Amino acid sequence: MVGCGRIAKRHSELLGNSIVEGAMLVSVCDLDGAKAQNIGEKFEVPYFIDMHEMMRSNEIDVVVVLTESGNHAEHVIELSQYGVHIVVEKPMALSLQDADKMIEACATAGIKLFVVKQNRFNVPVVKARQALESGRFGKLFLGTVRVRWCRPQAYYDQDSWRGTWAHDGGVLTNQASHHIDLLEWMMGDVESVFAKSLTAMVDIEAEDTAVVTLKFRSGALGVIEATTAVRPMDLEGSLSLLGETGSVEIGGFAVNELKHWNFVSSEAGDDKVLTEYSVNPPNVYGFGHQASYEHVVDCLKTETKILVDGAQGRKSLELINAIYDSIESGKEVYLDESLGLSRLGLSH
Ligand SMILES: NC(=O)c1ccc[n+]([C@@H]2O[C@H](COP(=O)([O-])OP(=O)(O)OC[C@H]3O[C@@H](n4cnc5c(N)ncnc54)[C@H](O)[C@@H]3O)[C@@H](O)[C@H]2O)c1
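The rules we used
- Residue numbers run consecutively from 1 along every chain, following the written order of its sequence.
- In keeping with the model being predicted, local features are shown solely for residues with a pLDDT of at least 70 and side-chain atom pairs are shown and tallied solely at 80 or more, while totals for entire chains, interfaces and linings include all residues.
- Side-chain metrics rest on all non-hydrogen atoms present in the structure, leaving aside hydrogens and water.
- Where helices and strands are cited, they refer to DSSP runs of H or I of at least four residues and of E of at least two residues respectively, numbered from the N terminus.
- Put simply, the radius of gyration uses C-alpha atoms, and a globule should come to 2.2 Å times the residue count raised to 0.38.
- Only protein chains enter the area calculation, which uses a 1.4 Å probe; residues under 20% of their type maximum are buried, those over 50% are exposed, and those in between are partly exposed.
- Note on areas: Shrake-Rupley with a 1.4 Å probe; residue coverage comes only from the protein chains shown.
- A pair of strands counts as paired when DSSP detects no fewer than two bridges linking them.
- Axes here refer to lines fitted to C-alpha atoms; in helices the fit is confined to the stretch in contact. Angles between the N-to-C directions go from 0 to 180 degrees.
- Whenever a pair of cysteine sulfur atoms sits within 2.5 Å, that pair is classed as a disulfide.
- Whether two residues are in contact is decided by their heavy atoms: any pair within 4.5 Å suffices.
- In this text, buried Ala, Val, Leu, Ile, Met, Phe, Trp, Tyr and Cys residues form a nonpolar core when linked through side-chain atoms within 4.5 Å.
- Any helix carries an expected span of 1.5 Å times its number of residues minus one.
- For this description, a residue counts as near a given molecule or strand if any of its non-hydrogen atoms is within 4 Å of it.
- Pairs of N or O atoms within 3.5 Å make up the polar contacts considered here, provided that, within protein, one atom can donate a hydrogen while the other can accept it, and that residues adjacent in sequence are counted only when both atoms are side-chain atoms.
- Charged residues are taken to be Asp, Glu, Lys and Arg, nonpolar residues to be Ala, Val, Leu, Ile, Met, Phe, Trp, Tyr, Cys and Pro, and polar residues to be all remaining types, Gly included.
- Here, a salt bridge means any side-chain nitrogen of Lys or Arg that lies within 4 Å of a carboxyl oxygen of Asp or Glu.
- Working definition: roughly parallel below 35 degrees, roughly antiparallel above 145 degrees, roughly perpendicular at 65 to 115 degrees, and oblique for all remaining angles.

Caption draft 1: Region of interest: the overall build of the protein chain. Helix and strand counts for the protein chain come out as 11 helices and 13 strands. The C-alpha atoms of the protein chain give 20 Å as radius of gyration, which agrees with the globular expectation for 348 residues (20 Å, within 12%). In terms of its C-alpha atoms, the protein chain occupies a principal-axis envelope of roughly 60 × 50 × 45 Å. Among the 348 residues that make up the protein chain, the fraction classed as buried is 53%. For the protein chain, the accessible area works out to roughly 15,300 Å², and carbon and sulfur atoms hold 51% of it.

Structure representation (structure tokens):
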């Protein structure tokens, strides 16, 4: 593991406690020696302050990049030289140029690149995806995601990179990137977006609130409502899919609870879906990290197709940058004509 900050807790608990079959934690690294030591000692693995030293001193099959979003590209590109597969936390990068360089570096090194989008593995999401793949919705005409979370000033103040254009972005890039990915994964490619944003409740460079309308290539419409300005606590993280012959809503605070499961033609087991396919995770990260690591092991052992590889990670980044183009220009933006106005990944 490179990076032993907040999300490293989740990764290290899964890998360090051998919860993922076929995977184990072998060493960790953080520029902040105390953070590396903390996780290293807890799981009794060597710890380092220099990732190159870590890569040279241990037998590693997969390196996991858990550094600040704005540093993912540099770290993935540098690590690709070691010829081991890479898992990188979302968002894979902030600019499309960086994402392209990462994809190219991994292809040149002959290694696989996995982007963590753990919500795709949420139990109700998997169930909805199966219904979609078997055609139960008919033609989808409207998809909506809502992220209504609470991130107070203290959250942004804990690290200088949070909420900055150079290293993080706002609610769209950080928290809602999962939901935006889900929406596009379910509804298909996006043709155009129109968006407005606001920094309502905190002092950060980027937005804490945004609304987006989308037109998909299929002709369907979509809505994104994303905010971290809800007080005093998280309200919801949800996805709804409406089609000619079916409608599903997944809600809860982390896309974890099936709220509605309605189809024109019912199938055996439909009456039990609402109770059997809802889960109650302890936090907004959900349970998906375990399933995403199981998928990584599976892909490396059996050549299963990677669900979120570099190309898929790039796709939601392209959409997010188009949304920022629309916010900056005040215009509807077509995905095939980038305006280059997004400040994501720029230091000024
Ligand atoms: N999938 C999810 O639900 C989820 C949740 C939280 C965070 N994340 C993502 O995980 C990433 C990290 O977020 P976080 O909240 O853990 O951040 P954090 O600031 O708590 O941790 C990042 C760590 O990386 C370390 N680091 C930076 N450069 C390094 C280097 N060259 N070598 C070694 N260590 C280095 C920093 O010292 C810091 O400790 C972000 O991209 C974020 O978007 C994903």
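Caption draft 2: Structural detail: the sheet that holds strand E5 (residues 113-115). Taken in spatial order, the 3 strands of this open sheet run E3-E4-E5, and their pairing is parallel. Strands at the two margins of the open sheet, each flanked by one partner only, are strand E3 (62-65) and E5. Going across the sheet, the axis of each strand differs from the next one's by a mean of 20°, ignoring polarity. Both strand E4 (residues 85-88) and E5 contribute to a ladder of 3 bridges, which runs parallel. Along E5, the bridge assignment pairs isoleucine 86 with leucine 113.

Caption draft 3: The arrangement of the state of the cysteines in detail. For the structure on display, the rule yields 0 disulfides. Counting only cysteine sulfurs, cysteine 299 is the nearest neighbor of cysteine 106, a cysteine outside any disulfide, at a range of 14 Å.

Caption draft 4: Summary view of helix H8 (residues 177-187). The buried count for H8 comes to 11 of 11 residues, which makes it a mostly enclosed element. Within H8, burial applies to Ser177, His178, His179, Ile180, Asp181, Leu182, Leu183, Glu184, Trp185, Met186 and Met187.

Caption draft 5: Just the sheet that holds strand E8 (residues 209-216), in detail. Overall, mixed pairing links the 8 strands, which are arranged E12-E11-E10-E6-E9-E8-E7-E13 in an open sheet. In this open sheet, the two edge strands, each paired with only one partner strand, are strand E12 (257-263) and strand E13 (333-334). Strand direction decides the pairing type here: E8 and strand E9 (residues 221-227), joined by 7 bridges, are antiparallel. Along E9, the bridge assignment pairs leucine 214 with glycine 222. Across the sheet, H8 touches strand E6 (140-148), strand E7 (190-198), E8, E9 and strand E10 (236-243), and the angle it forms with E6 is around 170°.

Caption draft 6: Highlighting the environment of arginine 151. Positionally, arginine 151 belongs in the loop between E6 and helix H7 (153-157). Here arginine 151 falls in the buried class, since its relative accessible area comes to 11%.

Caption draft 7: Local environment of the nonpolar core. If you look at the biggest cluster of nonpolar residues, it comprises 74 residues, and the most contacted ones within it are Ile86, Leu172, Val193, Leu214, Ile224 and Ile323. Among the nonpolar cores identified, the runner-up in size contains 24 residues, and Ala8, Leu14, Val45 and Phe114 belong to it.

Caption draft 8: Just helix H5 (residues 96-109), in detail. Over its 14 residues, H5 extends 20 Å from the first C-alpha to the last, a length consistent with the 20 Å expected when each residue adds 1.5 Å. The set of residues buried in H5 consists of Leu96, Ala99, Met102, Ala105 and Cys106. Those residues of H5 that are buried lie in contact with helix H4 (72-80), E4, E5 and helix H11 (310-329). Phi turns positive one or two residues past the end of H5, at glycine 110, with a value near 70°.

Caption draft 9: Quick look at the site of the ligand. Taken together, the neighbourhood of the ligand is formed by 25 residues, with Asp30, Lys35, Ser69, Glu89 and Gln118 sitting nearest. At 2.8 Å from an oxygen atom of the ligand is found a side-chain nitrogen or oxygen belonging to glutamine 118. Between an oxygen atom of the ligand and a side-chain N or O atom of arginine 162, the distance comes to 3.0 Å. Among the elements of the structure, helix H1 (6-16) and H4 are those that each provide at least two residues to the shell around the ligand. A breakdown of the residues in the shell around the ligand according to their chemical character gives 8 nonpolar, 9 polar and 8 charged.

Caption draft 10: How the structure looks around the pattern of salt bridges. Considering all chains together, one arrives at 18 salt bridges under this definition. In this structure, aspartate 234 engages arginine 151 in a salt bridge whose closest nitrogen and oxygen atoms are separated by 3.3 Å. Here the residue aspartate 234 occupies a position in the loop between E9 and E10, and arginine 151 occupies one in the loop between E6 and H7, the gap between them amounting to 83 residues. As a salt-bridge pair, glutamate 328 and arginine 343 come within 3.1 Å of each other at their nearest N and O atoms. Of this pair, glutamate 328 sits in helix H11 while arginine 343 sits in the segment after E13, and the two are 15 residues apart along the sequence. If you follow the salt bridges from partner to partner, you end up with Arg146, Arg148, Glu225 and Glu236 in one network.

Caption draft 11: Focus on the pairing of E12. In the sheet, strand E11 (residues 246-251) pairs with E12 via 6 bridges, with the strands oriented antiparallel. Looking at the pairing, serine 247 lines up with asparagine 262 of E12. Counted along the chain from E11 to the antiparallel partner E12, the turn is 5 residues long, and its residue glycine 252 has a positive phi close to 80°.

Caption draft 12: Spatial organisation of the packing of H5 against H11. With their axes 10 Å apart at the nearest point, H5 and H11 run at an angle of 175° to one another. Classified by the angle between their axes, H5 and H11 sit roughly antiparallel to one another. Contacts from Leu96, Ala99, Asp100 and Ile103 of H5 reach H11 at Gly310, Ala311, Arg314, Leu317, Glu318 and Asn321. Of the residues contributing to the contact of H5 with H11, the split by class is 5 nonpolar, 2 polar and 3 charged.

Caption draft 13: Inspection of the environment of threonine 302 at higher detail. Note that threonine 302 resides in helix H10 (residues 288-302). Judged by relative accessible area, threonine 302 falls into the partly exposed class, the value being 47%. A distance of 2.6 Å separates a polar side-chain atom of threonine 302 from the backbone oxygen of aspartate 298. A polar contact of 2.6 Å, which involves the side chain of threonine 302, links it to the side chain of threonine 304.

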